[in-house]
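These are the residues of each chain, in order.
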Amino acid sequence: MVHMQEIDGSVLEGGGQILRMSISLSALLNIPVRVTNIRVGRKKPGLAAQHLKGIQLVANMCQAELKGAFIGSTKIEFTPRKIRGGHYVADTQTAGSISLLIQVALPVALFADGPTTMDLKGGTNADMAPQIDYMDMVFRKILNKFGGDFSMQILTRGYFPHGGGHVRVEVSPVNMLQSINLMDRGEIEDIGGISFVAGNLPVKFAYQMADGAKHEIGLNQRINIKSYKEDGSMAPDNCNGIVLSCSTSSCVLGACGLGSRGVSPGEVGGSAGKMLREVIDTGACVDTHAQDQVILYMCLASGLSSVRSGSPTLHTQTAIHIAETLAKVKFEIKSDGEQDVIKCTGIGLINKSIPDE
């Protein structure tokens, strides 16, 4: 009888974050898990397509035995085996976020026995998740500090409600991740980003979003935002959005905005610009999109990681809860002036399939 680690999917954030962390760590640490009460507090409880495909993707990568994996299911059992590199496909067949597929699968691919290629299909620029461009412009640079990397090719864009986006992600495995020290934000070196429209929307909307962002950021700094219209063959559906990044001498911060009915382009850009300006003003070294994502990598890394952040979000608190439950690590959060500092001595997970260089 295999002992299963029980995870209550209704605690804290009570949604997909618990599931993604649990499945990633289950695969990485070879710990069978039973996740119950999945998204029970949501309007549509249980697994949605995006969650289901993410679980199945990781299950394929680690040859897991998977039970209860169907749309609407509120309980799954996941028994992992060896993580294999190779070619994998996950298609939400909805506008479900490709970025969230990357969140659950990327750490697993980093500890595979060889290179991994993932063809991921769904929404590239979705609400309630980092836009795909953020993953490349901001999060990839943070992962580099841990000693990991990936490359990304956006083949087609997919927007709500139809989806249809296609992103190819290639990952080379690591022997081990290194701890990070993001305590001093350093001087601002560059602020930039992209502002796009697609479908039947006029390109002037892209310029209006960029102007709105620049106005809110201020800072008397040169801000390089590329404003453009997506090619029709690349992105046939209507959408407008903006992704911003701020590079400093020691870290990179980001913010996103996505158009919606009744919200002017200037407001979309202004909201993203305000979000970026606020995180810059706090002196934090990670933004809210990255804050919860770094928890898993801090947990896996070798040595003490320290990150200066804003107040921990509910997603971050949830990620810490699952990391402490499955990896038996201990996170420490202390106030330091206007910021909080998150610390963890990671387990130093070793990929025995990849020699230490």
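Because the structure is predicted, anything quoted here is derived from the model rather than measured. (Residues numbered from 1 in each chain as written. Predicted model: local features only at pLDDT ≥ 70, side-chain atom pairs only at ≥ 80, totals over all residues. Heavy atoms only, no water.)

1. Let's talk about the UniProt feature "active site" (unreviewed entry) in the protein chain
UniProt's entry tags His-315 with the feature "active site" (unreviewed entry), counted in the numbering of this structure. Inspection of the secondary structure puts His-315 in helix H8 (residues 314-327). The exposure class assigned to His-315 is partly exposed, which follows from its relative accessible area of 32%. (UniProt positions renumbered as here; feature names shortened; annotations may be inferred. Helix = DSSP H or I, 4+ residues; strand = E, 2+ residues; numbered from the N terminus. Buried < 20%, exposed > 50% of the residue type's maximum accessible area, 1.4 Å probe, protein only.)

2. Topic: the environment of Ile-142
With respect to the secondary-structure elements, Ile-142 resides in helix H4 (residues 132-146). Expressed as a C-alpha distance, the spacing of Ile-142 and Ser-97, which sit 45 residues apart in the sequence, is 20 Å. When neighbours within four sequence positions are excluded, Ile-142 is seen to be in contact with Val-252, Ala-290 and Val-294. (Contact = heavy atoms within 4.5 Å.)

3. A closer look at the nonpolar core
By size, the foremost hydrophobic cluster in this structure holds 91 residues, and its most contacted members are Leu-25, Phe-78 and Phe-331. Aside from chain neighbours lying at most four places away, what touches Phe-331 is Ile-295, Met-298, Cys-299, Ile-320, Ala-323, Glu-324, Ile-342, Lys-343 and Cys-344. Counting 21 residues, the second largest nonpolar core, distinct from the first, contains Leu-201, Leu-253, Leu-276 and Val-279. (Core = buried A, V, L, I, M, F, W, Y, C linked by side-chain atoms within 4.5 Å.)

4. Looking at a negative patch on the surface
Negative charge collects at one region of the surface, where Asp-184, Glu-187, Glu-189 and Asp-190 lie side by side. Position of Asp-190 relative to the elements: it lies in strand E10 (residues 188-198). (Patch = residues over 30% accessible without salt bridge, like charges linked within 9 Å, V, L, I, M, F, W, Y side chains within 5 Å. Areas by Shrake-Rupley, 256 points an atom, 1.4 Å probe, with all protein chains shown as cover. Salt bridge = Lys/Arg side-chain N within 4 Å of Asp/Glu carboxyl O. Lys, Arg positive; Asp, Glu negative; His and termini not counted. Charge placed at Lys NZ, Arg CZ, Asp CG, Glu CD.)

5. Examining empty space enclosed by the protein
Per the stated rule, a full pass over the model turns up two cavities of 30 Å³ or more. Of all the secondary-structure elements, those providing two or more residues to the lining of the largest cavity are helix H1 (16-29), helix H3 (98-110) and helix H7 (288-300). Classifying every residue of the lining of the largest cavity by side-chain character gives six nonpolar, four polar and two charged. Approximately 70 Å³ is the volume found for the second largest cavity. Around the second largest cavity, the lining residues are Leu-19, Arg-20, Gln-50, His-51, Gly-54, Ile-55, Leu-100, Leu-101 and Val-104. Looking at the lining of the second largest cavity element by element, the count peaks at four residues for helix H2 (residues 49-61). Each residue belonging to the lining of the second largest cavity can be placed in one class, and the counts come to five nonpolar, three polar and one charged. (1 Å grid on protein atoms, 1.4 Å probe; cavity = no way out; pocket = protein on both sides within 12 Å on 5 of 7 lines; lining within 4 Å. Points joined across faces, edges and corners; volume = space filled by probe spheres on them. Nonpolar A, V, L, I, M, F, W, Y, C, P; charged D, E, K, R; others polar.)

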